[in-house]
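The residues making up each chain are set out below.
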Amino acid sequence: MKVFDFIWILSGVLLNAVAQLLLKAGAASAGEITLASGAPALWRTALGLAQHPAILGGLTCYAVSVVVWIIALSRVEVSIAYPMLSIGYVLNAVLAWWLFGEDLNAQRWLGIGVIIVGVVLVARSGSHT
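Residues numbered from 1 in each chain as written. Predicted model: local features only at pLDDT ≥ 70, side-chain atom pairs only at ≥ 80, totals over all residues. Heavy atoms only, no water.

Asker: Explain the pattern of salt bridges here, please?
Answerer: It is possible for side chains of opposite charge to pair when their charged atoms get near one another. One pass over the full model with this rule turns up one salt bridge. A salt bridge links Asp-5 to Arg-75; the shortest N-O distance between them is 2.7 Å. Within this pair, whereas Asp-5 is found in helix H1 (residues 3-30), its partner Arg-75 is found in helix H3 (residues 53-75), the two being separated by 70 residues in sequence. Asp-5 gets classed as buried once you look at its relative accessible area, which sits at 7%. (Salt bridge = Lys/Arg side-chain N within 4 Å of Asp/Glu carboxyl O. Helix = DSSP H or I, 4+ residues; strand = E, 2+ residues; numbered from the N terminus. Buried < 20%, exposed > 50% of the residue type's maximum accessible area, 1.4 Å probe, protein only.)

Following this line, the structure appears as structure tokens:
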């Protein structure tokens, strides 16, 4: 895989990961959202979240990531590019642990290791074509 192609893919993945973290931060500001609270309460929560800076930032990152991803797909086979999205799982798990105090136990670390090995294998498979 060419360096610039990888940069496009990585940029899309990073934007997507940042979007997830911003959406989590925005959702956390509302507390747990339940359907049992009724339509008026859900509507007020939805309106509040629609104006929350973290939610707006997350949605913006998603929109930009789609454009970046389309550029990446124009340059790289989807069978190579799509598995690279798994890098986002690794980033989000580690950053959620660091920023939000989410649990990263041994089993999750093992899964992250498997993902990293898989991404490296897929990336290397594209360099021989």
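Asker: Just to check I follow, could you spell out the nonpolar core for this structure?
Answerer: Side chains of a nonpolar character, in soluble globular proteins, are inclined to be buried together. Counting ten residues, the largest nonpolar core is built from Ile-9, Val-13, Trp-69, Ala-72, Val-76, Ile-80, Ala-81, Met-84, Ile-87 and Val-119. For this core, the elements supplying multiple residues, two or more each, are H1, H3 and helix H4 (78-81). Contact partners of Trp-69, with chain neighbours within four places excluded, come to Ile-9, Ala-81, Tyr-82 and Leu-85. (Core = buried A, V, L, I, M, F, W, Y, C linked by side-chain atoms within 4.5 Å. Contact = heavy atoms within 4.5 Å.)

Asker: Teacher, can you tell me more about a nonpolar patch on the surface here?
Answerer: Taken together, the side chains of Trp-97, Trp-98, Leu-99 and Phe-100 define a hydrophobic patch exposed on the protein surface, amounting to about 470 Å² of accessible area. Among the secondary structure elements, Leu-99 is positioned in helix H5 (residues 86-100). Residue Leu-99 is classed as partly exposed on the basis of its relative accessible area, which comes to 48%. (Patch = residues over 30% accessible without salt bridge, like charges linked within 9 Å, V, L, I, M, F, W, Y side chains within 5 Å. Areas by Shrake-Rupley, 256 points an atom, 1.4 Å probe, with all protein chains shown as cover.)

Asker: Please explain H3 as it appears in this structure.
Answerer: The α-helix winds at 3.6 residues per turn, so residues separated by three or four positions along the chain end up facing the same way. In this model, H3 (23 residues) spans 33 Å end to end at C-alpha, consistent with the 33 Å of a helix rising 1.5 Å per residue. Residues of H3 that are buried include every one of Ala-54, Ile-55, Gly-58, Cys-61, Ser-65, Val-68, Trp-69 and Ala-72, and no others. The inward-facing, buried residues of H3 abut H1, helix H2 (39-50) and H4. (Expected span 1.5 Å × (residues − 1).)

Asker: What exactly am I supposed to notice about the environment of Ser-29 here?
Answerer: Take Ser-29: it is sitting in helix H1. Its relative accessible area of 47% is what places Ser-29 among the partly exposed residues. Taking C-alpha positions, Ser-29 is 17 Å from Val-18, a pair spaced eleven residues apart along the chain. Among residues more than four places away in sequence, those in contact with Ser-29 are Leu-49 and His-52. One polar contact links Ser-29 to His-52, side chain to side chain, over a distance of 3.3 Å. (Polar contact = N/O pair within 3.5 Å; in protein donor to acceptor, adjacent residues only side chain to side chain.)

Asker: Before we go on, may I ask you to explain the side chain of Ser-86 in this structure?
Answerer: For Ser-86, the location among the structural elements is in helix H5. Ser-86 sits in the buried class, given a relative accessible area of 19%. When near neighbours in sequence (up to four residues on either side) are disregarded, Ser-86 contacts Ile-115 and Val-119.

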